[in-house]
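Below, each chain spelled out in residue letters.
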Amino acid sequence: MSSPHVLVVDDTHVDRHVVSMALMRHNVRVTAVESVMQALMFLDSEHDVDMIVSDYCMPDMTGYNLLMEVKKSPKLAHLPVVIASSDNIPERIRKCLDGGAKDYILKPVKIVDVPRIMKYI
Amino acid sequence: MAAAALTSQLNALVNNMFAMGLLDDQFQQLQMLQDSTAPDFVSEVVTLFCDDGERIICELSRQLEKPNVDFDRVDSYVHQLKGSSASVGAQKVKNTCIQFREFCQQRSRDGCLKTLDLVRTEFYDLRNKFQAMLQLEQQIQACYPKH
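Residues numbered from 1 in each chain as written. Chains lettered and ligands numbered in written order. Predicted model: local features only at pLDDT ≥ 70, side-chain atom pairs only at ≥ 80, totals over all residues. Heavy atoms only, no water.

**A closer look at the overall build of chain A**
Per the secondary structure count, chain A includes 5 helices and 5 strands. Secondary structure elements of chain A, listed N to C terminal, follow the sequence β-α-β-α-β-α-β-α-β-α. On C-alpha atoms alone, chain A measures out to a radius of gyration of 13 Å, which is about the 14 Å that the 2.2 N^0.38 rule sets for 121 residues. Principal-axis analysis of the C-alpha atoms gives chain A an extent of 35 × 30 × 25 Å. Here chain A holds 121 residues, and 53% of them are scored as buried. Of all intrachain contacts in chain A linking residues separated by at least 6 positions in sequence, the fraction that spans at least 24 positions is 59%. Total accessible area on chain A stands at roughly 5700 Å², and carbon and sulfur atoms take up 55% of it. Seen as two clouds, the 14 positive and the 16 negative side-chain charges of chain A have centres 5 Å apart. (Helix = DSSP H or I, 4+ residues; strand = E, 2+ residues; numbered from the N terminus. Rg over C-alpha atoms; globule rule 2.2 N^0.38 Å. Buried < 20%, exposed > 50% of the residue type's maximum accessible area, 1.4 Å probe, protein only. Contact = heavy atoms within 4.5 Å. Areas by Shrake-Rupley, 256 points an atom, 1.4 Å probe, with all protein chains shown as cover. Lys, Arg positive; Asp, Glu negative; His and termini not counted. Charge placed at Lys NZ, Arg CZ, Asp CG, Glu CD.)

**With respect to the sheet that holds strand β4 (residues 81–85) of chain A**
Residue and element names in this part refer to chain A. Strand order across the open sheet formed by 5 strands is β2-β1-β3-β4-β5, with parallel pairing between neighbours. Both outer strands of the open sheet, β2 (29–33) and β5 (103–106), are each paired with one neighbouring strand and no more. On average, each strand axis in the sheet is inclined to that of its neighbour by 20°, with strand direction left out of account. Strand contacts of helix α1 (residues 13–24): β1 (5–9), β2 and β3 (51–55), with the helix running at about 170° to β2, the strand carrying the most contacts. Together, β4 and β5 form the strand contacts of helix α4 (residues 90–98), whose direction differs from that of β5 by roughly 145°. (Pairing = 2+ DSSP bridges. Axes fitted to C-alpha atoms, helices over the stretch in contact; angles between N-to-C directions.)

**Examining the UniProt feature "domain: Response regulatory" in chain A**
Cross-referencing UniProt, the feature "domain: Response regulatory" maps to residues 5–121 of chain A in the present numbering. Overall, residues 5–121 of chain A shows 40% helix and 21% strand. The separation of its end C-alpha atoms is 10 Å. (UniProt positions renumbered as here; feature names shortened; annotations may be inferred.)

**Observations concerning the UniProt feature "modified residue: 4-aspartylphosphate" in chain A**
Residue and element names in this part refer to chain A. Mapped onto the present numbering, the UniProt feature "modified residue: 4-aspartylphosphate" falls at Asp 55. Within the secondary structure, Asp 55 sits in strand β3. Those residues in contact with Asp 55, other than ones at most four positions away along the chain, are Val 9, Asp 10, Asp 11, Gly 63, Ala 84 and Lys 107.

**Here we look at helix α2 (residues 36–45) of chain A**
Residues and elements named next belong to chain A. Buried within α2 we find Val 36, Ala 39, Leu 40, Phe 42 and Leu 43. Angularly, the buried residues of α2 cover 160° about the axis, an arc narrow enough to put them on a single face. Turned more than 90 degrees away from the buried face of α2 sit Met 37, Met 41 and Asp 44, all of them exposed. (Arc of directions from axis to C-beta.)

**Overview of the UniProt feature "modified residue: Phosphohistidine" in chain B**
Residues annotated in UniProt with the feature "modified residue: Phosphohistidine" correspond here to His79(B). Looking at His79(B), the relative accessible area reads 13%, which means it is buried. Setting aside residues up to four positions removed in sequence, His79(B) forms contacts with Cys57(A), Ser86(A), Asp87(A) and Arg101(B). Here Ser86(A) takes part through its side chain, which lies 3.5 Å from a polar atom of the side chain of His79(B). (Polar contact = N/O pair within 3.5 Å; in protein donor to acceptor, adjacent residues only side chain to side chain.)

**Focus: the packing of α1(A) against helix α3 (residues 41–65) of chain B**
The contact between α1(A) and α3(B) brings their axes to 8 Å, and the two run at 160°. Relative to α3(B), α1(A) is oriented roughly antiparallel. When the axes of α1(A) and α3(B) are compared, the crossing they make is left-handed. Across the interface between the two elements, His13(A), Val14(A), His17(A), Val18(A) and Met21(A) from α1(A) touch Phe41(B), Glu44(B), Val45(B), Leu48(B), Phe49(B) and Asp52(B) from α3(B). For the contact of α1(A) with α3(B), a count of residues per class yields 7 nonpolar, 2 polar and 2 charged. (Parallel < 35°, antiparallel > 145°, perpendicular 65-115°, else oblique. Left-handed = near helix turned anticlockwise from the far one by under 90°. Nonpolar A, V, L, I, M, F, W, Y, C, P; charged D, E, K, R; others polar.)

**Notes on unusual backbone geometry**
Of note, the amide linkage connecting Lys107(A) to Pro108(A) takes the cis form, showing an omega dihedral of 0°. Of note, Asn27(A) is a non-glycine position whose phi angle comes to about 60°, a positive value. Judged by relative accessible area, Asn27(A) falls into the exposed class, the value being 55%. Although it is not a glycine, Arg107(B) sits at a positive phi angle of roughly 55°. Position of Arg107(B) among the secondary structure elements: in the loop between α5 (91–105) and α6 (109–143). Note on Arg107(B): relative accessible area 45%, which makes it partly exposed.

**Quick notes on the pattern of salt bridges**
According to the stated counting rule, one finds 18 salt bridges over all chains in the structure shown. The shortest N-O distance in the salt bridge between Asp103(A) and Arg116(A) comes to 2.8 Å. Here Asp103(A) is found in strand β5, whereas its partner Arg116(A) is found in helix α5 (residues 113–118), with 13 residues between them in sequence. By relative accessible area, Asp103(A) is classed as buried at 10%. With its nearest N and O atoms 3.2 Å apart, the salt bridge here joins Arg107(B) to Asp72(B). Placement of the pair is Arg107(B) in the loop between α5 and α6 and Asp72(B) in helix α4 (residues 71–88), with a sequence separation of 35 residues. In this structure, a network of salt bridges that share partners links the residues Asp10(A), Asp15(A), Asp55(A) and Lys107(A). (Salt bridge = Lys/Arg side-chain N within 4 Å of Asp/Glu carboxyl O.)

This is the structure we're talking about:
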């Protein structure tokens, strides 16, 4: 079986690097982009993405906006989306889960979070 | 012999950074992610953090000098710095960012300026120690013949 392909979306370079490495340690192929726009363009051209892990707070479009775009697209709606955020705000967590996110994890992402994320594939 | 001495110097430096509360256990997460397939991972992340932090601190001084401070904008920069500090385990800088965000919410320019001075001092102190750490790592690597 080929290794799963995860799209990481985060505007912070440090976080893209850390989250990508944590996933790669679990034999995951990672594509990391820095905005929702780039993520949507990538999803439009690539068809082998198995999961999206997105930051919440980003300029222009948030992780929630990405979640909404993915869920309304017939082509993408099946993709599991996990939101990562440093803010522990119950209303925001509920909004993301109600919107179809598989999970909402608190940043910084830790190594132990990865198996939990991977089970959504 | 030289390598052993440098290694103990490096360990003492890192232990001291933990003891002083500059770093927390997230830094150990980074160390755990580094292995022979990614031998430079920690130094890459630390370098990204130092570059990002310097850029954000410059931007914060610029924003707070303006006659009409856009506190939401200031807050979003502090949020970025808090995020990357949390991701490298820069505990002290992260905690100061939390205070900083409270002053943003209160729309307190004085509070923001004072906290900016504090976060700047803490950030550059940490950056100097990170640079010393990376230098020691390079010296240690140089002790071993290349493959």
